[in-house]
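Listed below are the residues making up each chain.
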Amino acid sequence: MAVSISHLGYRKLSRVIFEWQAADRASLLALFILLEVSSHWLWCLFVWWRQDIYGSYVNMDVLYPLWIGLTLMVLFFSWMVSRLSPIRKDTDSLYKWQAIIVTLYSLYIAVVILVMGHSSLVAGVSLVGGAMLGMMLIRRRYVWKAFLGHIVLIFLVTLVPYFGLTIPNLRQMTMSSFPLDGYSYLTYSEMTSIENAISASIFKNGILSWETFNQLRLSSAFFWRTTHIYMALPKAIFIIYMFRTLLLILDNSKAEIMQYANQDELTQLKSRRYGLTQMQQALLAMGDKQDFSVILLDLDWFKNINDNYGHDVGDQVLSEVAQTLLKSLSEESIVSRYGGEEFLIVLPDTQHDSAMTIAKQLRQDIAQHVIKSDDGTDFNITASIGVYTLTHEERARIQSEYRALALEESSQPLAETQKSRRQEADINKARTDKTSINKASTNKASTQKESSQKTRAQKRISHRRKRAATEILKAQLPSDICQRLICIADKALYEAKDRGRNQVVSANAVLAAEKDKIAVLYATS
């Protein structure tokens with residue numbers, strides 16, 4: 001794939017990171033390096049062209065070798081941009097060329113650190129920005145090793161001058177009134193401080209005039225600051241743009257993942273898992289005097305639709321029924337696809353009479369909806385519906401029974417622990433009485449040990465009581481309460497099917513006729 005600057009757009013960049021092959025990403029990295037090196041080559045050309053003005057600020061003995069090296073880099077990466085794509089299927093060659101790119105670019109950044117100063121803006125942006133860009137496009141292992149190598153180089157550059165060794169520097173300062181007869185190692189910050197002092201001497205009475213402005217423009221401080229801006233700022237802006245775009249891509253990807261996880265792709269309703277999660281949260285958020293209704297809806301004879309009209313028409317039916325449900329229900333309702341042709345509808349703060357009215361209206365809307373297939377066939381469908389309402393009185397009774405069960409279960413191990421501690425205390429007391437006849441001192445030590453054991457036992461018992469109390473407070477409802485409610489609604493649904501389908505059946509009415517089975521449905525053990 002040919003590399004083009006047009007691929008730097010937001011949507012194209014997401015394809016680069018997630019869809020392009022490794023060879024294309026490496027080719028794109030080579031293009032970025034080529035642009036950076038070319039801009040530095042143009043800077044060398046400008047200094048050479050105006051060396052009569054800026055020659056005193058730049059060490060020309062260092063500039064010429066640097067310029068030659070930049071020319072070779074431009075030629076190599078120009079060739080590399082078109083070289084990588086044809087070898088996309090040769091993994092070994094691709095990794096080899098990636099290593100070569102990282103090595104050459106690392107050497108280039110090392111030279112920048114040496115000749116521009118390890119504490120300069122250009123060195124910092126080149127080191128961090130190059131590593132971040134490389135991590136995005138090629139093998140991270142190569143980039144990480146190169147980055148660690150640069151960290152070592154910075155330490156060496158910092159320490160070497162203190163051993164009397166001279167490091168070539170692109171910056172040159174010519175001063176007649178400052179006591180610097182020979183080369184002295186100065187960091188970027190130190191040289192900047194000196195240049196600031198020299199620049200400040202240009203101003204008279206702290207006033208900037210056209211004459212002093214022209215002198216400032218030709219000063220070393222102004223030249224090198226504009227150089228750093230030219231070399232570092234465009235790359236810094238580009239790197240920030242790249243990572244801003246990457247964060248947008250990750251945010252969108254996260255949103256898509258959440259959408260796929262929480263939404264049914266065919267019907268655009270909530271998925272079963274997310275619907276159950278929403279149902280549980282809605283149930284826990286209910287007030288003490290609010291009822292909670294559940295509707296389970298199943299399309300009648302749906303298998304015959306797939307057999308007679310095909311699965312595409314079956315998918316169309318599911319999608320249109322889902323849209324019918326969304327149009328008929330309020331935003332507070334939780335609608336999810338529970339199974340193949342089953343839909344779960346949760347109605348928080350809805351009494352049973354209202355839930356039955358809603359269910360009957362849904363059955364009527366579905367029955368009146370006409371399905372129009374692509375082959376011109378029109379037909380209607382029906383649905384069987386089971387409704388169950390958990391009243392606030394019933395929910396309070398479940399909570400009471402569940403808390404009582406939790407208290408009973410927590411008190412059993414506590415009683416066993418107390419009994420075990422008493423037996424242990426009796427044994428220790430018997431042993432103490434036996435040894436106290438002849439050894440009074442030993443008796444005293446044993447008594448202290450027994451007292452210490454009793455204290456630890458009391459602390460453990462107190463801790464167990466507190467933990468049991470915490471569990472009782474947390475035990476508002478059984479953990480599977482949502483499944484229990486759905487099972488009751490499902491029982492009413494099957495009753496609707498037994499009555500000939502296209503019916504709405506109340507599970508509350510069914511349970512009222514089977515009072516002896518209510519305890520089984522809500523059993524807490």
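In case you missed it, the structure is sitting above this.
In what follows, the accompanying structure is described. (Residues numbered from 1 in each chain as written. Predicted model: local features only at pLDDT ≥ 70, side-chain atom pairs only at ≥ 80, totals over all residues. Heavy atoms only, no water.)

In this section: unusual backbone geometry. The backbone of glutamine 268 sits at a positive phi, close to 65°, despite the residue not being glycine. Within the secondary structure, glutamine 268 sits in the loop between helix H10 (220-262) and helix H11 (272-284). On the basis of relative accessibility, which here comes to 40%, the residue glutamine 268 falls in the partly exposed class. The phi dihedral of aspartate 349 falls on the positive side, at around 50°, and the residue is not glycine. Summarising the element assignment, aspartate 349 is placed in the loop between strand E3 (342-348) and helix H14 (352-368). Its relative accessible area of 48% is what places aspartate 349 among the partly exposed residues. (Helix = DSSP H or I, 4+ residues; strand = E, 2+ residues; numbered from the N terminus. Buried < 20%, exposed > 50% of the residue type's maximum accessible area, 1.4 Å probe, protein only.)

So, about empty space enclosed by the protein. A probe as big as a water molecule, rolled over the atoms, marks out the empty space that is left. All chains considered together, the criterion is met by 4 cavities of 30 Å³ or more. By volume, the largest cavity is sized at about 150 Å³. Elements supplying a minimum of two residues to the lining of the largest cavity: helix H2 (22-49), helix H5 (91-116), helix H6 (121-137) and helix H7 (140-159). Considering every element that reaches the lining of the largest cavity, the biggest residue donor is H5, with 5 residues. (1 Å grid on protein atoms, 1.4 Å probe; cavity = no way out; pocket = protein on both sides within 12 Å on 5 of 7 lines; lining within 4 Å. Points joined across faces, edges and corners; volume = space filled by probe spheres on them.)

Further remarks concern the nonpolar core. Judged by nonpolar contacts, the single largest core of 56 residues is most densely connected at Trp43, Val58 and Leu170. Secondary-structure elements contributing two or more residues to this core are H2, helix H4 (60-83), H5, H6, H7 and H10. Of all the elements, H2 adds the most residues to this core, at 12 residues. Contacts of valine 58, omitting those with residues within four sequence positions, involve Val47, Leu63, Leu170, Gln172, Phe223 and Trp224. (Core = buried A, V, L, I, M, F, W, Y, C linked by side-chain atoms within 4.5 Å. Contact = heavy atoms within 4.5 Å.)

In a structure, side chains of opposite charge can pair up when their charged atoms sit close to one another. Scanning the entire structure with this criterion turns up 7 salt bridges. One salt bridge connects glutamate 394 with arginine 397, and the closest N-O pair in it is separated by 2.4 Å. Residue glutamate 394 and its partner arginine 397 are located together in helix H15 (residues 392-435), separated by 3 residues, close to a single helical turn. With its nearest N and O atoms 3.2 Å apart, the salt bridge here joins arginine 499 to glutamate 495. (Salt bridge = Lys/Arg side-chain N within 4 Å of Asp/Glu carboxyl O.)

A surface patch of nonpolar side chains, about 690 Å² in accessible area, is lined by Leu42, Leu45, Phe46, Trp48, Trp49, Tyr64 and Tyr230. Residue position: leucine 45 is located in helix H2. (Patch = residues over 30% accessible without salt bridge, like charges linked within 9 Å, V, L, I, M, F, W, Y side chains within 5 Å. Areas by Shrake-Rupley, 256 points an atom, 1.4 Å probe, with all protein chains shown as cover.)

With that settled, the discussion passes to the environment of valine 58. Summarising the element assignment, valine 58 is placed in the loop between helix H3 (51-54) and H4. Counting along the chain gives 162 residues from valine 58 to serine 220, while the straight-line C-alpha distance between them is 9.1 Å.

So, about the pairing of E3. Burial runs high along E3: 6 of the 7 residues are buried. Direction of pairing for strand E1 (residues 292-299) relative to E3: antiparallel, over a ladder of 7 bridges. Within E3, the residue paired with leucine 297 across the bridge is phenylalanine 343. Alignment of strand E2 (residues 334-337) against E3, held across 4 bridges, turns out to be antiparallel. (Pairing = 2+ DSSP bridges.)

For helix H12 (residues 302-309), the full list of buried residues reads Phe302, Ile305 and Asn306. Axial view of H12: buried residues confined to an arc of 95°, hence all on one face. Turned more than 90 degrees off the buried face of H12, the exposed positions are Lys303 and Asn308. Of the surrounding secondary structure, the elements contacted by the buried residues of H12 are E1, helix H13 (311-328) and strand E5 (378-380). Positive phi appears at glycine 310, one or two residues downstream of H12, with a value of about 100°. (Arc of directions from axis to C-beta.)

With that settled, consider the packing of aromatic side chains. Centre distance and the angle of the planes are the two values used to describe a pair of aromatic rings. All chains considered together, the criterion is met by 17 aromatic pairs. A centroid spacing of 6.5 Å and a plane angle of 55° characterise the contact between tyrosine 54 and tyrosine 57, whose relative ring orientation is tilted. Across this residue pair, the class does not change: tyrosine 54 and tyrosine 57 are buried. Look at phenylalanine 76 and tryptophan 79: their rings are 6.1 Å apart centre to centre, the planes differ by 50°, and that puts the pair in the tilted class. Here phenylalanine 76 pairs with tryptophan 79, and both are found in helix H4, just 3 residues apart, close to one helical turn. Aromatic ring contacts, followed pair by pair, group Trp43, Phe46, Trp49, Tyr54, Tyr57, Phe223 and Trp224 into a single cluster. The aromatic ring of tyrosine 494 is capped on one face by lysine 497, whose charged end is 5.1 Å from the ring centroid. Note that arginine 501 overlies the ring of tryptophan 301, its terminal NZ or CZ placed 4.1 Å from the centroid. (Phe/Tyr/Trp six-rings, centres within 6.5 Å; stacked < 30°, edge-to-face > 60°. Lys NZ or Arg CZ within 6 Å of the ring centre and 35° of its normal.)

Before going further, it helps to examine the sheet that holds strand E7 (residues 504-506). The mixed open sheet is built from 5 strands, whose spatial order is E2-E3-E1-E6-E7. Taken across any chain shown, the strands that pair with only one partner, and hence form the sheet edges, are E2 and E7. With strand direction ignored, the average angle separating the axes of adjacent strands in the sheet is 15°. Across 3 bridges, the pairing between strand E6 (residues 383-390) and E7 is parallel. When the bridges of E7 are listed, glycine 386 appears paired with valine 505. (Axes fitted to C-alpha atoms, helices over the stretch in contact; angles between N-to-C directions.)

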